[in-house]
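Chain by chain, the residues:
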Amino acid sequence: MRVEFCKNGIQINECQYILLIGFLLLLDVTFGNDNEAAPESHTLLPAKVVWGVTGKDVELPCDVTPPIPSDSVKMIFWFKDSTGMPLYSLDARGGPLSEASHLAMTDELGSRSYFIIDEEPAKARLRIQKINAEDEGVFRCRVDFINSPTRNFKVNLTLVVQPSQPKVFDVEGKEVNSDAGPFLEGRELFLSCQVNGGRPRPSVSWWHNGTVLDGVIDSSLESYKIVNDLVISRLPRNFYGTYLECKASSSHLAGDIVRKISLKVYLKPNKVKIVSPNDLLSVNKVHTIRCETSGSSPPAKLSWFLGGKPIKSSTLTEEVTDSFTTSLLTLNVEAEDDGKYLVCRADNPRYPGGSTEDRRQIHVAYPPKVAVKSDTGLTSPVKEGANVVFKCETVARPDPHGYNWYHDGHLIQYNNTAGLQPMDNILRMAKVTKSSDGQYSCSAANTEGETYSSPFTLTVQYAPRCAKGFEVMRVGALSHEALTVDCHVDALPEVTRFSWTYNTSKGVLPVQGARIHNENGVSTLHFVPGTADLESLACWATNSVGRQEKPCLFYIIPASSPESPHGCRLRNSTTGGVEVTCVAGNDGGLPQSFVLEVTDIAIPAQPPSVTTLSDQGERSLPLYRVLGEHPTFRLHSLKPDREYQLLVYAVNAKGRSAPPVVLSKVKVEVPVDTVQENGSTVIPIIAGEGSPPTSQSLTLILLVLTAIASLLIVGIISVATILACRKRPPAVTGQSTTRHKPPDDMELSEAGFSEGFQRRSAHYRASLYLQEIDRNSRQATGLPFRFHQIPRAGSIKYQVQT
């Protein structure tokens, strides 16, 4: 009897099935099987573990290969756990195994089971559909052969238990929910994936773009928590914008539990380039330079450096996209920037130290930098007659195309006769002289402009020579008086020695026994000639360079009064007032000074008893006297719309020039309250503090002057009488000698005079003073006077003798 179940869809009722199974078992138990007589026929092989997943099919293996080839399978039974009733059976006693009848229990497990006979008997298996937790247990497959002993196989069906949902933690132990990071390109990435439980022991692995990164479990076998730590020492750029997967699974049959983690990665710039051409940069132009960068996330910031220092003063324009940045630099360069490196640096603000840069060496076109140097190592000063070579040292880009040389600001032309040979950047000077002394500079020009060097001061040492204007002098001599002569020389270095000679009809003789004072290149000789046959004096000076070649000559001439100035011109001053300019006449062989007297024509004439210092017999007292070394006068204290008379004359130790120059009816238009200007001094005679008298006070002033003049005459007569009584015999009464000392408040003040005039002021004041006492004394006593020079260094004084 053959009964098929499941395979051919034939079903029998439960009662029939139970009776059938019971009958078969009874036969098996009652009659037994001759092949099972051996005790070892029920020996079971070790149980084989088969994992199954709830809800999925599972196949339980059972090897039905006969022990001997001639044998064949008779019956196959499947039992679960300790149940003695088979859940599934095959009956092949009526034919081959492929035609065996399949019998299954009516319970739920048996209905989901079906035995598969494979072409290879060793691969025969029982398939259980959609297993559940109740299906888990130990299954036994019993195979009965016709001639061979029965064989039993145990299969342990174990259900797979998946682990918990993976959790991801960062390096600080914080759980990552969706996005991990930020991470830095090229730096370390650490993430830890953890699951709990699972049977069999689950696998935990990290994946990126379908590729496993790490499948190694980092926790112990006994640990309930399964951990896989992912460590990437240098995070690649291609992880930017991607995600990682943590997969956990207890069996491939159960599939993977996947946790996706998005990566937040900061990228450093991978490209930066100065794209503008590397042209020659001019200092006279503004240049725009472009730099580009890409590959940075977030976008990079561009900064510029020149010579290792940040460029801050220039204008920057920046264009930014998601991954592309452009910077435009407006740059002004200087000559000092030539050869420096210009750097464009891209920095990711979120990536510390992740900068990339492009650099280039710039070349700057600039005007020449010039300096004058001695080509032969010469140092100033040099001695007269030496050869000098100067070089114009130049640093320029591009090279200079022209040079010029200057001496004290004047262009030096090629003059071989004068020893001047400027050729490009070299200046040769042969046998320099005193005139070569001064400042030398050069200029060089290129396409960027022309530059002038700082001056090089050349000092030429030379032997003494007469100062300009003192080569040949005339010296006026007074009879039987000592001569005081100043010898002015120029020399470098200073004069170390002076010597004097004098020339007579008998020859040239050295000056001996005279007083000589040397100071600051001036030798002052106080000489009393022992003969009237004196023609000239000669002065010689010597310094470390040598002795003076030509002496300074002083021709001795008889002294005389100076000539009157001539060619006097009168004009209004540009600053107001009146300016008088004359030409000096012959000085008579003695130092001369010039006097201008101002008289107000509107003032009534003085009484006959009042006299002035003028020897022209004017009865009007001058308002002002102006003294100076040169016959040039400026008057700023005259009233407008008034008429004045001006007298100009010269004075020396011999006397005053005659006749004086008279300028009448002088008027001014613009009054200026100024008393002194340009070395000339206006000395008020009547009005105090340098101002002319007003019309309201004129009468009072005249009365005061008349009284003062009367008292002065009485005083002079009294003093003269007393002196005459002391010095002369009583018989010579009425004759006296009067000596006057110039008063401290004398109207001829030195205040405001030039330096040259002050050296002569005492001489001039004494001469005017002596003229006055000469006239007064002659009127008072009728005695003649003589003037004797008293030698003193640098000046002449006068003494009155009867």
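What counts, and at which threshold
- Residues numbered from 1 in each chain as written.
- Predicted model: local features only at pLDDT ≥ 70, side-chain atom pairs only at ≥ 80, totals over all residues.
- Heavy atoms only, no water.
- Pairing = 2+ DSSP bridges.
- Helix = DSSP H or I, 4+ residues; strand = E, 2+ residues; numbered from the N terminus.
- Axes fitted to C-alpha atoms, helices over the stretch in contact; angles between N-to-C directions.
- pLDDT = per-residue confidence, 0-100.
- Contact = heavy atoms within 4.5 Å.
- Salt bridge = Lys/Arg side-chain N within 4 Å of Asp/Glu carboxyl O.
- Buried < 20%, exposed > 50% of the residue type's maximum accessible area, 1.4 Å probe, protein only.
- Disulfide = S-S within 2.5 Å.
- Core = buried A, V, L, I, M, F, W, Y, C linked by side-chain atoms within 4.5 Å.
- Polar contact = N/O pair within 3.5 Å; in protein donor to acceptor, adjacent residues only side chain to side chain.
- Phe/Tyr/Trp six-rings, centres within 6.5 Å; stacked < 30°, edge-to-face > 60°.

A.B. asks: Explain the sheet that holds strand β19 (residues 271–274) to me, please; I cannot follow it from the model alone.
C.D. replies: Two strands in a sheet stick together by hydrogen bonds in their backbones, pointing the same way (parallel) or opposite ways (antiparallel). Spatial strand order, β19-β21-β25-β24: 4 strands in an open sheet with antiparallel pairing. Either end of the sheet is taken by a strand with one partner, and the two such strands are β19 and β24 (315–320). Pairs of neighbouring strands in the sheet enclose a mean axial angle of 15°, with direction left out of account.

A.B. asks: Would you mind going over the confidence of the model for the chain with me for this structure?
C.D. replies: When pLDDT is low, close inspection of the predicted coordinates is not appropriate. The share of residues in the chain with pLDDT of 70 or more is 76%, and the mean pLDDT across the chain is 78. The low-confidence segment residues 29–43 (pLDDT under 50) makes 23 contacts with residues lying over four places distant or belonging to another chain.

A.B. asks: Is there a simple way to think about the pattern of salt bridges in this case?
C.D. replies: If you walk through the whole model with that rule in mind, you get 24 salt bridges. When the shortest N-O distance is used, the salt bridge between Glu318 and Lys301 registers 3.9 Å. Of the two residues, Glu318 sits in strand β24 while Lys301 sits in strand β22 (residues 301–306), which places them 17 residues apart along the sequence. By relative accessible area, which is 45% here, Lys301 ends up partly exposed. As a salt-bridge pair, Lys369 and Glu336 come within 3.6 Å of each other at their nearest N and O atoms. With a gap of 33 residues between them, Lys369 in strand β28 (residues 364–374) and Glu336 in the loop between β25 (324–331) and β26 (341–347) connect regions that are remote in the sequence. Judged by its relative accessible area of 46%, Glu336 is partly exposed. The structure contains a network of salt bridges with shared partners spanning Glu59, Asp118, Arg125 and Arg127.

A.B. asks: Looking at this model, I keep getting lost on the state of the cysteines. Mind explaining?
C.D. replies: Where two cysteines share a covalent bond between their sulfur atoms, that bond is called a disulfide. Counting across every chain of the model gives 7 disulfides. Residue Cys62 pairs covalently with Cys141 via a disulfide, S to S 1.9 Å. Measuring the twist about the S-S bond at about -70°, one finds the Cys62-Cys141 disulfide to be left-handed. Of this pair, Cys62 sits in the loop between β2 (58–61) and β3 (73–80) while Cys141 is found in strand β8 (residues 137–145), placing the two residues 79 residues apart along the sequence.

A.B. asks: Just checking my understanding: could you explain the nonpolar core for this structure?
C.D. replies: Soluble globular proteins tend to pack their nonpolar side chains together in the buried interior. Judged by nonpolar contacts, the single largest core of 30 residues is most densely connected at Leu60, Val64, Ile76, Trp78, Phe115 and Val143. When residues of this core are traced back to their parent elements, those giving at least two are β2, β3, β4 (88–91), β7 (125–128), β8 and β9 (151–159). In contact with Trp78, other than residues within four places in its own chain, are Leu60, Pro61, Cys62, Pro86, Leu87, Tyr88, Phe115, Leu126, Phe139, Arg140 and Cys141. One finds Leu191, Val204, Ile226 and Val265 within the second-largest nonpolar core, a separate group that totals 22 residues.

A.B. asks: For this particular structure, what's the right way to read the pairing of strand β33 (residues 420–423)?
C.D. replies: The two faces of a sheet get side chains in turn, since along a regular strand they alternate between them. Pairing analysis gives 4 bridges linking β33 to strand β34 (residues 426–429), with the strands arranged antiparallel. Paired with Leu420 across the bridge in β34 is Met429. Counting the residues that bridge the hairpin from β33 to β34 gives 2 residues, and of these Asp424 lies at a positive phi of roughly 55°.

A.B. asks: Before we go on, may I ask you to explain the side chain of Ser148 in this structure?
C.D. replies: Along the chain, the position of Ser148 falls in the loop between β8 and β9. Here Ser148 falls in the buried class, since its relative accessible area comes to 4%. Polar contacts involving the side chain of Ser148 include one to the side chain of Asp71, which spans 2.4 Å.

A.B. asks: Whenever I open this one, the sheet that holds strand β20 (residues 281–282) confuses me. Can you help?
C.D. replies: Ordered in space as β20-β28-β30-β34-β33, the 5 strands form an open sheet in which the pairing is mixed. Both outer strands of the open sheet, β20 and β33, are each paired with one neighbouring strand and no more.

A.B. asks: Just checking my understanding: could you explain the environment of Lys273 for this structure?
C.D. replies: The topology assignment puts Lys273 in strand β19. Take Lys273: its relative accessible area is 44%, and that puts it in the partly exposed class. In this structure, the C-alpha to C-alpha distance between Lys273 and Thr293, residues 20 residues apart in sequence, is 6.4 Å.

A.B. asks: Sorry, what's going on with the side chain of Glu579 here?
C.D. replies: Looking at the element boundaries, Glu579 is found in strand β48 (residues 578–583). Polar contacts involving the side chain of Glu579 include one to the side chain of Arg571, which spans 2.6 Å. At a separation of 2.6 Å, a polar atom in the side chain of Glu579 contacts the side chain of Arg634.

A.B. asks: I tried to follow the environment of Gly385 on my own but got confused; where do I start?
C.D. replies: Relative to the assigned elements, Gly385 resides in the loop between β29 (382–383) and β30 (388–397). Taking C-alpha positions, Gly385 is 9.4 Å from Gln461, a pair spaced 76 residues apart along the chain. Leaving out residues up to four positions away in the same chain, Gly385 has contacts with Lys431 and Val432.

A.B. asks: Just checking my understanding: could you explain unusual backbone geometry for this structure?
C.D. replies: In terms of backbone geometry, most residues other than glycine have negative phi values and most peptide bonds are trans. Note that the residue after Arg397, namely Pro398, is joined by a cis bond; omega there is -5°. In the segment running from Leu492 into Pro493, the intervening peptide bond is cis, with an omega of 0°. In this structure, Lys130 takes a positive phi of about 45° despite not being glycine. Lys130 gets classed as exposed once you look at its relative accessible area, which sits at 60%. For Asp408, which is not glycine, the phi torsion reads 55° and is therefore positive.

A.B. asks: Can you help me understand the packing of aromatic side chains in this one?
C.D. replies: Summed over all chains, the structure comprises 7 aromatic pairs. With 5.4 Å between their ring centres and 40° between their planes, Tyr502 and Phe527 make a pair best called tilted. With a gap of 25 residues between them, Tyr502 in strand β41 (residues 497–504) and Phe527 in strand β44 (residues 522–527) connect regions that are remote in the sequence. Judged by its relative accessible area of 18%, Tyr502 falls in the buried class. Given the relative accessible area of 6%, Phe527 is considered buried.

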